[in-house]
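Each chain, letter by letter, is given below.
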Amino acid sequence: MLRDQGRAPLFEALLTYAEKVKAPLHVPGHKLGRAAPEAWRDTLGPGALALDLTEAPGLDDLHAPDGVIAEAQALAADAFDAERSFFLVGGTTAGLQALILAACAPGDCLAVPRHAHRSILGAMILAGVKPSWVRMLFHEELDIATHLDPTSLESALPSAAAALLVHPTYYGVTGQLAADLQQIRRWGIPALVDEAHGTHFGFHPAMPPTALSLGADGVVQSTHKTGGSLTQSSMCHLGHGHALQEQRVREMLRLVQSTSPSYLLMASLDLARRDLALHGHTMWERALDLARVARQRLAALRGIRIHHADDPTKMLIDVTARGLTGFQAAEWLWSRGVAMESAGLGYVLAVLTPGDSLVTIDHLVEAVAALPDGPGAPPRPSEPPWPEVVLTPREAYLGPKTSLPLAAAVGRVAAELVAPYPPGIPVVAPGEKLTADVVAYLRQAAAAGYHLQGPADPQLHSIQVVRE
Ligand SMILES: Cc1ncc(COP(=O)(O)O)c(C=O)c1O
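What you are looking at is a predicted structure, and each value in this text was computed from that prediction instead of being measured.

Re the overall build of the protein
Scanning the protein from terminus to terminus reveals 15 helices and 17 strands. The C-alpha radius of gyration computed for the protein amounts to 23 Å, which stays within 12% of the reference 23 Å derived for 468 residues, consistent with globular compactness. Dimensions of the protein, computed from C-alpha atoms along their principal axes, come out at roughly 65 × 55 × 45 Å. Put simply, the protein has 468 residues, and 55% of those count as buried. Within the protein, contacts between residues at least 6 apart in sequence are counted, and of these 70% link residues at least 24 apart. Within the protein, one finds 36 positive and 47 negative side-chain charges whose respective centroids are separated by 3 Å.

What about the sheet that holds strand S11 (residues 314-318)?
One open sheet holds the four strands; their spatial order is S10-S11-S13-S12, and the pairing between them is antiparallel. The open sheet terminates on both sides in strands that have one partner only, identified here as strand S10 (305-307) and strand S12 (342-343). Two strands pair when backbone bridges link them, and S11 and strand S13 (residues 347-351) are joined in this way by five bridges, in the antiparallel orientation. Bridging across to S13, methionine 315 finds its partner in alanine 350. Sheet contacts for helix H11 (residues 263-299): S10 and S11; angle to S11, the most-contacted strand, approximately 5°. In this fold helix H12 (residues 326-335) packs onto S12 and S13, with an angle of close to 50° to the strand it touches most, S13.

Details of helix H10 (residues 246-256)
When we look at burial in H10, the residues that qualify are Glu246, Val249, Met252 and Leu253. Buried residues in H10, looked at end-on, bunch into an arc of 120°, giving them a common side.

Remarks on the sheet that holds strand S6 (residues 160-166)
The mixed open sheet is built from seven strands, whose spatial order is S1-S9-S8-S7-S6-S2-S3. Sheet topology places strand S1 (84-88) and strand S3 (130-134) at the edges, where each strand pairs with a single neighbour. Recorded for the sheet is a direction-independent mean angle of 20° between the axes of neighbouring strands. Docked against the sheet, helix H5 (residues 91-103) engages S1, strand S2 (109-113), S6, strand S7 (191-194), strand S8 (218-221) and strand S9 (234-238), running at close to 165° with respect to S8. Running at roughly 170° to S2, helix H6 (residues 118-127) makes contact with S2, S3, S6 and S7 of the sheet.

Considerations on the pattern of salt bridges
Counting across every chain of the model gives 12 salt bridges. Its salt-bridge partner being arginine 7, residue glutamate 71 comes within 3.0 Å of it at the nearest N-O pair. Highlighted residues: glutamate 71 in helix H4 (residues 68-80) and arginine 7 in the segment before helix H1 (9-20), separated in sequence by 64 residues. The partly exposed category is assigned to glutamate 71, whose relative accessible area is 34%. Taken together, the shared-partner salt bridges connect Arg7, Glu12 and Glu71 into one network.

A word on the domain arrangement of the protein
With domains assigned, the protein is organised as domain 1 (9-277), domain 2 (280-369) and domain 3 (393-466). One C-alpha centre belongs to domain 1, the other to domain 3, and the line joining them spans 29 Å. Listed as interface residues are 15 residues of domain 1 and, on the opposing side, 17 residues of domain 3. Both sides together, the interface formed by domain 1 and domain 3 hides about 1300 Å², and carbon and sulfur atoms give 62% of it. Among the residues of domain 1 in contact with domain 3, Arg114, Arg118 and Ile125 are the three that bury the most area, contributing 44% of the side total.

Digging into the site of the ligand
Within the structure, the ligand sits among Gly91, Thr92, Thr93, His117, Ser119, Asp194, Ala196, His197, Ser222, His224, Lys225 and Ser234. A distance of 2.5 Å separates an oxygen atom of the ligand from a polar side-chain atom of threonine 93. Within the side chain of lysine 225, one N or O atom sits 2.8 Å away from an oxygen atom of the ligand. When isolated, the ligand has an accessible area of 390 Å², and the protein chains bury 82% of it. Among the secondary structure elements, those contributing two or more residues to the shell around the ligand are H5 and helix H9 (223-226). At three residues, the largest contribution of residues to the shell around the ligand is made by H5.

Description of unusual backbone geometry
Omega for the peptide link from valine 27 to proline 28 comes to -5°, which places this bond in the cis form. Here proline 28 lies in the loop between H1 and helix H2 (38-44). At the junction of tyrosine 421 and proline 422, the peptide bond is cis and its omega measures out at -20° in the coordinates. With respect to the secondary-structure elements, proline 422 resides in the loop between strand S15 (419-421) and helix H15 (436-447). A positive phi angle is found at leucine 32, which is not glycine, with a value near 55°. Tracing the backbone through its elements, the reader meets leucine 32 in the loop between H1 and H2.

Notes on the environment of glutamine 5
Of note, glutamine 5 is situated in the segment before H1. Classification of glutamine 5 as buried rests on a relative accessible area of 5%. Separated by 99 residues in sequence, glutamine 5 and cysteine 104 have C-alpha atoms that sit 35 Å apart. In this structure glutamine 5 touches Leu75, Asp78, Ala79, Arg273, Arg274, Ala277 and Leu278, once residues within four positions along its chain are discounted.

Things to note about the packing of H1 against H4
The geometry of H1 relative to H4 is characterised by a closest axis approach of 8 Å and an angle of 150° between their N-to-C directions. Taken together, the axes of H1 and H4 are roughly antiparallel relative to one another. On H4, the residues touching Pro9, Leu10 and Ala13 of H1 are Val68, Ile69, Glu71, Ala72 and Leu75. Of the residues belonging to the contact of H1 with H4, the class tally is seven nonpolar, no polar and one charged.

Regarding the packing of aromatic side chains
Counted according to the given criterion, the structure contains five aromatic pairs. Feature note: the residues Tyr170, Tyr171, Tyr347 and Tyr421 constitute an aromatic cluster, connected by ring pairs. It is lysine 401 that lies over the ring of tyrosine 397; its NZ or CZ is 4.1 Å from the centre.

Reading guide: rules and limits
Residues numbered from 1 in each chain as written. Predicted model: local features only at pLDDT ≥ 70, side-chain atom pairs only at ≥ 80, totals over all residues. Heavy atoms only, no water. Helix = DSSP H or I, 4+ residues; strand = E, 2+ residues; numbered from the N terminus. Rg over C-alpha atoms; globule rule 2.2 N^0.38 Å. Buried < 20%, exposed > 50% of the residue type's maximum accessible area, 1.4 Å probe, protein only. Contact = heavy atoms within 4.5 Å. Lys, Arg positive; Asp, Glu negative; His and termini not counted. Charge placed at Lys NZ, Arg CZ, Asp CG, Glu CD. Pairing = 2+ DSSP bridges. Axes fitted to C-alpha atoms, helices over the stretch in contact; angles between N-to-C directions. Arc of directions from axis to C-beta. Salt bridge = Lys/Arg side-chain N within 4 Å of Asp/Glu carboxyl O. Domains from an automatic or database assignment. Buried area = accessible area lost by both parts, 1.4 Å probe. Near = heavy atom within 4 Å. Polar contact = N/O pair within 3.5 Å; in protein donor to acceptor, adjacent residues only side chain to side chain. Areas by Shrake-Rupley, 256 points an atom, 1.4 Å probe, with all protein chains shown as cover. Parallel < 35°, antiparallel > 145°, perpendicular 65-115°, else oblique. Nonpolar A, V, L, I, M, F, W, Y, C, P; charged D, E, K, R; others polar. Phe/Tyr/Trp six-rings, centres within 6.5 Å; stacked < 30°, edge-to-face > 60°. Lys NZ or Arg CZ within 6 Å of the ring centre and 35° of its normal.

Listed below in structure tokens is the structure:
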């Protein structure tokens, strides 16, 4: 890192402004918190509200930065070893939209794994892009994806204008990113990476390598997930020598982001970057130590198994030998005040960060130890049927649609996404045929009590299809 990472230019400028301004005759209308709801002032404190500002003198403009935001982004690029970094106030969702809009023209194909997050499907709808779905290989015991199938990737690439990879998954599994990127590079197309769960990777050698270090062209990270910034703040990075048009990326960011970006979110990115750059190693060493302790103590409990993740701070706690589903276990743990990141059929997921402590681990271990025995967990579900794509997601999602009872929808084209969560892998995406197999699978998932992401009717008694 070459620049002075001890600085936080945007945060410092906000403090200076709040101190100097005598008459803030501009929005936000709460005027540095003075007219903010009292309960909010009491909770957040006057300090936080005084920094909830907008493009006032000396505070630069996210959409045309040449002052403190430009400096803060340059410091971020230096810390994350990117050619360029952009602050995002619409989460990683906005960054993925901008990268896909920048890399693909309407009608182009994007090579994308089926376990991609639903924000990527949203980006494809906005961009009018056709998915070239890539198959994944699954964990031998759990319903989570581990690697891309290289043969499937190879057949998706020739028609693709760009490829998008997920690194790591929600469960901290990285797959074989280096090999996947090499394969994509041979086709000379941009490689985009959804690294929503990997902000911290570059700051400790025990973590997997970052997508940027492996040569990705465009990467988006949810700094708010593990980097310490406020929820909804993320970063988009362009790799050194990237194959994207930077000007186009900037244009697309202007298109998808608010014209009133939150300075609290942006300043939180500036400060999170400073902490990671200065203290990231120590912070994540502590999180790794806690994860080691938690793993050992949990693995010693009767009927509990901990599955390996490439990111050791993600802990997949398998409860099937206790005769419980992960959903039951999570509910029971929450009744003891222990809140898990998510639950699947056979597991609960714990995410550890530098914000945890031995006290958190004690609560987790004690509650897991006391889990009651259940009647037996249901068998792992089979993989969803492979999709039959008829229309682009955009045509199906934005075109005329109608709602039909699920049973009557066989043979029609879906106009909405249905992804049982977790793991959130689509059973059907807009534009795909609702075959008898797909409908049977959806019925099973709804009956098993999965939370279904995407459909207008969350119980799935009905489903939206393309009007004929
Ligand atoms: C893998 C993955 N990608 C993208 C996103 C979207 O990120 P954000 O919530 O920052 O918009 C998420 C959010 O959970 C995610 O898990």
